[in-house]
Structure formats: C-alpha cells, structure tokens
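Results of the structural survey
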Amino acid sequence: PSLYDFLPKTGFIVPVSCAAPTINSVTTDAFSATIEWTENGSATAWQYKLGDNAWTDITTPSPYTISGLTPNTQYSLQLRSVCGVDNQSFASITYFTTNIACAQVVDARITHTSSTAVAIEWSIDNSVGGTSTEVEVSYKEAEATDWITTTATNNNFIFTGLTEGTAYNFRITNICGADTASAV
C-alpha cells in the first residue's frame, strides 16, 4: 500500500460564485424607499440591511419597497445576493434620506355661500411632521377639466366670480416642498 491509501478520503465541492448586486437607484417618499438593483450573477434571493439592524430577506426580484420608515431621516442601506448558506456577496453601502412628511389638510368645510361666491375654511394637521410652505386653493366647474388655482395666506379662502346655478369642485392642497403635497 502506498502512503496515499492511509489518508482520509474526503470530497470537496467548489462553491458557486456569488456576484454582488449593483444598486441602481433608491426612490423615497416620506415613509418608504424602493430599491432597484441589477443581479450580476445567478442569485434568486437577496437581503437588505438598514444601519445596524438585522438582515431582512427579499424573495422577489428588483424592485423592492421597504416600508415603515421615518420621514426626513437618513438611512444607510446594504444589499447582498444570497447564493446559498454562507455564500453571499455584498453591494457597497448606499445612503438615502426619506422625504419630509406633508402636513394634512383636514376639516375642509363651506362656511358661507352666495349666488356668486363660496367661502371655505380648513385646518392643517401637523401630527405627521412636516410643515407647509404654501396652500394652493383651486376650483373648476364640475364638468370642466382645468382647475383655476391660486394661493391662500390663511386657512380660509373666498372663491368669487362664480356663475349662479353652476356646480363646482373645490380643492385645497398643502404644499410642503418641491415634490410633496397633501390635498383634500
């Protein structure tokens, strides 16, 4: 017998290469973020991690939405491809900030009417955080497609110059930033 006959015989499986995903974009609103990525290998499962939190499974291909986030907060995001037990590959850390929450327009009510005018009042609910940069008030005849819009300086507005006997729609929009609004 040779020396090799006395050595233990064990098999070895070469692990499958696991390529790191490429994060293409992170799109946010006040309470969620949507990750879009490119899978650069053959992974069919992924995981993400926000900050120091635990890894969370993703079992669907890109894109994926993370919900339950806090408005106006910066997060660090890691994404990894999972190609098997102890076989993962990490994308670089990406940072994103959720949008500012927009205070809600609530309790809109008609307080006075005449044959050619309507007075409307409303309240702003700041409980979601966020502030108002301006309030737009709009109206249109019920059958029209185009709104007539102006801004209000208080929590009330009088729409004048209306046509007697005509049905109208009214809209109040709290503008909180370039891409954030709340309407009623």
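Please refer to the structure higher up on the page.
So, a few notes on the structure that sits alongside this text. (Residues numbered from 1 in each chain as written. Predicted model: local features only at pLDDT ≥ 70, side-chain atom pairs only at ≥ 80, totals over all residues. Heavy atoms only, no water.)

Next up on the list: the overall build of the protein. Helix and strand content of the protein: zero helices and 15 strands. If you take every contact in the protein between residues at least 6 apart in sequence, the share linking residues at least 24 apart comes to 57%. A total of about 11300 Å² of accessible surface is found on the protein, and carbon and sulfur atoms cover 50% of it. (Helix = DSSP H or I, 4+ residues; strand = E, 2+ residues; numbered from the N terminus. Contact = heavy atoms within 4.5 Å. Areas by Shrake-Rupley, 256 points an atom, 1.4 Å probe, with all protein chains shown as cover.)

Next up on the list: the side chain of Ser 32. With respect to the helices and strands, Ser 32 occurs in strand S2 (residues 32–38). For Ser 32, the residues in contact, after removing those within four places along its chain, are Thr 27, Thr 65, Ile 66, Ser 67, Leu 69 and Thr 98.

All right, on to the pairing of strand S6 (residues 74–82) then. Sheet faces and side chains relate simply in a regular strand, where the side chains alternate between the two faces. One ladder, built from six bridges, connects strand S3 (residues 45–50) with S6; its direction is antiparallel. Counted as the bridge partner of Ala 45 is Val 82 from S6. Bridge count for S6 against strand S8 (residues 94–97) is four bridges, and the pairing is antiparallel. Looking across to S8, one finds that Gln 74 is bridged to Thr 97. (Pairing = 2+ DSSP bridges.)

In this structure, Val 105 sits in strand S9 (residues 104–113). According to the relative accessible area criterion, Val 105 is buried, its value standing at 7%. Linking Val 105 and Ser 123, residues 18 residues apart in sequence, is a C-alpha distance of 5.9 Å. (Buried < 20%, exposed > 50% of the residue type's maximum accessible area, 1.4 Å probe, protein only.)

Summarising the element assignment, Thr 151 is placed in strand S12 (residues 148–152). Taking relative accessible area as the criterion, Thr 151 reaches 42% and is therefore assigned partly exposed. Considering only alpha carbons, one finds Thr 151 and Thr 173, 22 residues apart in sequence, at a separation of 9.3 Å. Once residues within four sequence positions are removed from consideration, Thr 151 is found in contact with Glu 134, Val 135, Glu 136, Val 137 and Phe 157.

Evaluated as defined, the whole model comprises eight aromatic pairs. Measuring from centroid to centroid gives 6.3 Å for Tyr 168 and Phe 170, while their planes differ by 35°, and the two rings are tilted. Every member of this aromatic cluster is reached through a ring pair, and the members are Tyr 139, Phe 157, Phe 159, Tyr 168 and Phe 170. Geometry around Trp 147 places Lys 140 over its ring, the cationic atom sitting 5.4 Å from the centre. (Phe/Tyr/Trp six-rings, centres within 6.5 Å; stacked < 30°, edge-to-face > 60°. Lys NZ or Arg CZ within 6 Å of the ring centre and 35° of its normal.)

Before going further, it helps to spend a moment on the sheet that holds strand S13 (residues 156–159). The three strands are arranged S9-S10-S13 in an open sheet whose pairing can be described as antiparallel. Edge positions in the open sheet fall to S9 and S13, since each of these has one partner strand only. Here the strands of the sheet are splayed against their neighbours by 20° on average, with no regard to which way each runs. Here strand S10 (residues 118–125) pairs with S13 via four bridges, running antiparallel. Paired with Glu 121 across the bridge in S13 is Asn 156. (Axes fitted to C-alpha atoms, helices over the stretch in contact; angles between N-to-C directions.)

As a further point, take the sheet that holds strand S1 (residues 22–28). Pairing is antiparallel in the open sheet, where three strands are placed in the order S1-S2-S5. The outermost strands of the open sheet, each flanked by one partner alone, are S1 and strand S5 (64–67). Sheet twist, expressed as the mean angle between neighbouring strand axes with direction ignored, is 25°. When S1 meets S2, the two strands line up antiparallel, connected through six bridges.

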